Amino acid sequence: MEEALKLKKATYHLWTFTISKIISTFGAQVYSFAISFYILQMTGSATNFAANLICSLLPRTIAAPFVGYVADNYSRKAIVICSQIATTLAIGGLLIVSFHSGLSLAAIYTTTCILSITSTFAGVTFSSSITGLVDEARIQKAMSLNQMSISFASIGSPAIGGLLFGAVSMPVFLIIYIIASSIAIILESTMNFNLFAKRKGKVEGEQKESMWQSMKAGFNYLKLQSLLIIVIWIALLVNFLIGAFEVGYSFILIEKLKMTSQHFGLTQGAFAVGMLVMSLYFSVRKEVKFPLLVSKRGILAMGIILAGISIPLMISLNNISLFIYYIVLMFGFGSIIIIVNTPLQVMMQKQIDDDYKGRVFSLFETMAMALMPLGMVLYGFLYDVLPAQWILIMSAALLIGVVLVLARPSVIRKVYPELAGGNEAKQKVETV
């Protein structure tokens, strides 16, 4: 009977977690949309806009290692709720400033830095808590629903933000975000973060590790996990090379191909729809048997799509054909992102000990974020001096080469010894 109650509570967690993420993510993205437009409208400066992006990125990179220590040593429920409360208070403070003296860049940048830190605390801690919130059989469903909530927000927030921006004042945007954040706090407070947790209890009289010792222990734990090391290297290099898409996609469609803003917006919407559809699929299908193999195939497809972005630069297409081509391409790209990420996320949730999850996930985030600015700067320079199509083709070739080397057949067989057999192994591969 007790097990039945736990499973019922886990079902409640699935939907509470999803609704909370939809509300908080939607509020955050509408706010981000509005504040970006506000900065550009108020100053007309791309530098000021870029400075706000840096205020969002840099604090996350610096804070992430410390967040992992906190998530592994303190109540995860308290961390998530306190982070959400801090987010609400920061937006409330900006609202008060807007009424008192009007919004200034200093106030906006300060708030962005605070939100960046609180979102890091909430994000890493929530990721570390999935196996405590739901039963093992539904971890893939939880990860898929999490991705669905982000996709819903990605699709809806630009549309809602665009409609509201011309109709209401900035304080209204801030009030919407405060309400969304407050609802998320209420929902999160009803969740039991230790329902299925397998964290070790503190031994009475045992000397507590210092922050540095704890972070070092997390790094040493990670070094012993050969599969996670492979995943980290793949993630690092893929994130770096995907800079070719992040920087080049808008540049190519808007500057090179002269696509209208409406069509360009719809192609980006197709990306989010692709993520949503594939997340829905993963939420109802059985768990993937060989996640590294599935992700390897997904990255190979990602490389092909990356190269495919360059084709209209070499073959002339009319406006309608161009629009349809990129709609299909971006839908496929969004779907592939989920195929690559979801199986690996489920694998990591199951493989990493609960006591180390915070530190390992924070190390992942730090290392991934560290290469992103370098990729952006490098590709920004390359697109100014080299033909865009060759940058995309070379980046796609490197992407495919990276995954073929790091996830070569011998590595796959080492991770999944059952694939080293003959016909039986082939049948198993077909079922992934």
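Calculation criteria
For every chain, the first residue of the written sequence is number 1, and numbering continues from 1 onward in sequence order. At least 70 in pLDDT is required for a residue's local features to be given in this predicted model, at least 80 for side-chain atom pairs to be given and counted, and no such filter applies to totals for whole chains, interfaces and linings, which use all residues. Heavy atoms throughout the structure, all of them, feed into the side-chain values; hydrogens and water do not. UniProt positions are given in the numbering used here, feature names are shortened, and annotations may be inferred rather than shown by experiment. Note on conventions: DSSP H or I runs of at least 4 residues are helices, E runs of at least 2 residues are strands, and numbering of each starts at the N terminus. Between buried and exposed lies partly exposed: a residue is buried under 20% and exposed over 50% of the maximum accessible area for its type, with that area taken using a 1.4 Å probe on protein chains only. Whether two residues are in contact is decided by their heavy atoms, any of which lying within 4.5 Å being enough. Accessible areas in this description were obtained via Shrake-Rupley with a 1.4 Å probe; residue shielding takes into account the shown protein chains only. To pair, rings of Phe, Tyr and Trp, with the six-membered ring standing in for Trp, must have centres within 6.5 Å; the planes then decide the type, stacked if under 30 degrees apart, edge-to-face if over 60, and tilted in the middle. Helices are assigned an expected span. That span is 1.5 Å times one less than the residue count. Starting at the helix axis, one direction is taken to each C-beta atom, and the arc is that of these directions. An axis is simply a line fitted to the C-alpha atoms; with a helix, the fit covers only the stretch in contact. Between two such axes, the angle follows the N-to-C directions and lies from 0 to 180 degrees. In this scheme the crossing of two helices becomes right-handed for a clockwise turn of the near helix relative to the far one and left-handed for an anticlockwise turn of less than a right angle. In this classification, Asp, Glu, Lys and Arg are treated as charged, Ala, Val, Leu, Ile, Met, Phe, Trp, Tyr, Cys and Pro as nonpolar, and every other residue, Gly included, as polar. Orientation is classified from the angle alone, with under 35 degrees giving roughly parallel, over 145 giving roughly antiparallel, 65 to 115 giving roughly perpendicular, and any other angle giving oblique. Like charges within 9 Å and nonpolar side chains (Val, Leu, Ile, Met, Phe, Trp, Tyr) within 5 Å are joined into patches, using only residues over 30% in relative accessible area that form no salt bridge. Salt bridge, as used here: a side-chain nitrogen of Lys or Arg that lies within 4 Å of a carboxyl oxygen of Asp or Glu. Nine residue types can take part in a nonpolar core, namely buried Ala, Val, Leu, Ile, Met, Phe, Trp, Tyr and Cys, and a core is a set of them joined through side-chain atoms within 4.5 Å. Consider a residue and the seven residues that end there alongside the seven that start there; fitting an axis to each set, the bend is the angle between those axes.

The chain is annotated in an unreviewed UniProt entry as MFS transporter of Cytobacillus mangrovibacter. In UniProt, the chain has this text filed under Subcellular location (unreviewed entry): "Cell membrane".

Side note on the overall build of the chain
Broken down by element type, the chain carries 17 helices and 0 strands. Relative to its 432 residues, the chain shows a buried fraction of 49%. Of all intrachain contacts in the chain linking residues separated by at least 6 positions in sequence, the fraction that spans at least 24 positions is 88%. Here the chain has roughly 20,400 Å² of accessible surface; of this, 68% comes from carbon and sulfur atoms.

Observations regarding the packing of aromatic side chains
Counted according to the given criterion, the structure contains 15 aromatic pairs. Taking 6.4 Å as the distance between ring centres and 80° as the angle between the ring planes, the aromatic pair formed by Y69 and Y74 counts as edge-to-face. What makes Y74 partly exposed here is its relative accessible area of 39%. Centroid distance F245 to F333: 4.8 Å. Interplanar angle 85°. Geometry classified as edge-to-face. With a gap of 88 residues between them, F245 in helix α9 (residues 243-256) and F333 in helix α13 (residues 319-351) connect regions that are remote in the sequence.

So, the environment of L105
Take L105: it is sitting in helix α4 (residues 105-133). In this structure, the C-alpha to C-alpha distance between L105 and N48, residues 57 residues apart in sequence, is 8.2 Å. Dropping the residues within four chain positions of it, L105 is found in contact with I39, M42, T43 and N48.

Notes on helix α7 (residues 211-223)
Along its 13 residues, α7 runs 19 Å from first to last C-alpha, staying within 8% of the 18 Å computed at 1.5 Å per residue. For α7, every residue scored as buried is listed here: S214, M215, A217, G218, Y221 and L222. Looking straight down α7, one finds that the buried residues subtend no more than 155° of arc, so they occupy a single side. Turned more than 90 degrees away from the buried face of α7 sit W212 and K223, all of them exposed.

Regarding the packing of helix α8 (residues 226-241) against α13
Running from N to C, α8 and α13 cross one another at 145°; their axes reach a closest spacing of 11 Å. The handedness of the crossing between α8 and α13 comes out as left-handed. Each of L227, L228 and V231 in α8 lies in contact with α13, whose residues at this interface are L344, M347, M348 and Q351. Of the residues belonging to the contact of α8 with α13, the class tally is 6 nonpolar, 1 polar and no charged.

What to know about the environment of I232
By the element assignment, I232 lies in helix α8. Residue I232 is classed as buried on the basis of its relative accessible area of 6%. In sequence terms I232 and M367 are 135 residues apart; their C-alpha atoms lie 8.2 Å from each other. In this structure, I232 is in contact with L222, F364 and M367, ignoring residues within four places of it in sequence.

Some points on the packing of helix α3 (residues 76-100) against α4
In the contact formed by α3 and α4, the axes pass within 9 Å of each other and the chain directions differ by 165°. Relative to α4, the element α3 is oriented roughly antiparallel. Handedness of the crossing formed by α3 with α4: left-handed. Across from R76, I79, V80, S83, A86, T87, A90, I91, L94 and V97 in α3, the residues of α4 making contact are A107, I108, T111, I114, L115, T118, F121, A122, T125, F126, S128 and S129.

Observations regarding a nonpolar patch on the surface
Where nonpolar side chains cluster on the molecular surface, the patch consists of I54, L58, I62, F66 and M211 and spans about 470 Å² of accessible area. Tallying contributions element by element places helix α2 (residues 46-73) first for the nonpolar patch, with 4 residues. Look at L58 and you get partly exposed, because its relative accessible area is 48%.

Things to note about the pattern of salt bridges
Scanning the model with the defined rule gives 6 salt bridges in all. A salt bridge links E136 to K350; its shortest N-O distance comes to 3.9 Å. Linking E136 in the loop between α4 and α5 (139-165) with K350 in helix α13, this pair joins segments that are 214 residues apart in sequence. Judged by relative accessible area, which is 47%, E136 ranks as partly exposed. When salt bridges with common partners are traced through the structure, they connect D72, R76 and R359 into a single cluster.

A short note on the nonpolar core
Counting residues in hydrophobic clusters, the biggest one holds 63 residues, and the most contacted among them are I252, M302, I309 and Y326. No other element matches α13, which puts 11 residues into this core. Ignoring anything within four residues of it in the chain, the contact list for I252 reads L257, I309, L313, Y326, Y383, A388 and L392. Residues I35, L94, L95 and Y177 belong to the second largest nonpolar core, which totals 19 residues.

What about α4?
Quick reminder: α-helices carry 3.6 residues per turn. Residues three or four places apart thus point the same way. A rise of 1.5 Å per residue sets the reference length of α4, with its 29 residues, at 42 Å; its end C-alpha atoms lie 40 Å apart and thus fit the reference within 8%. By the largest-angle criterion, S127 marks the main kink of α4, which is about 35°.

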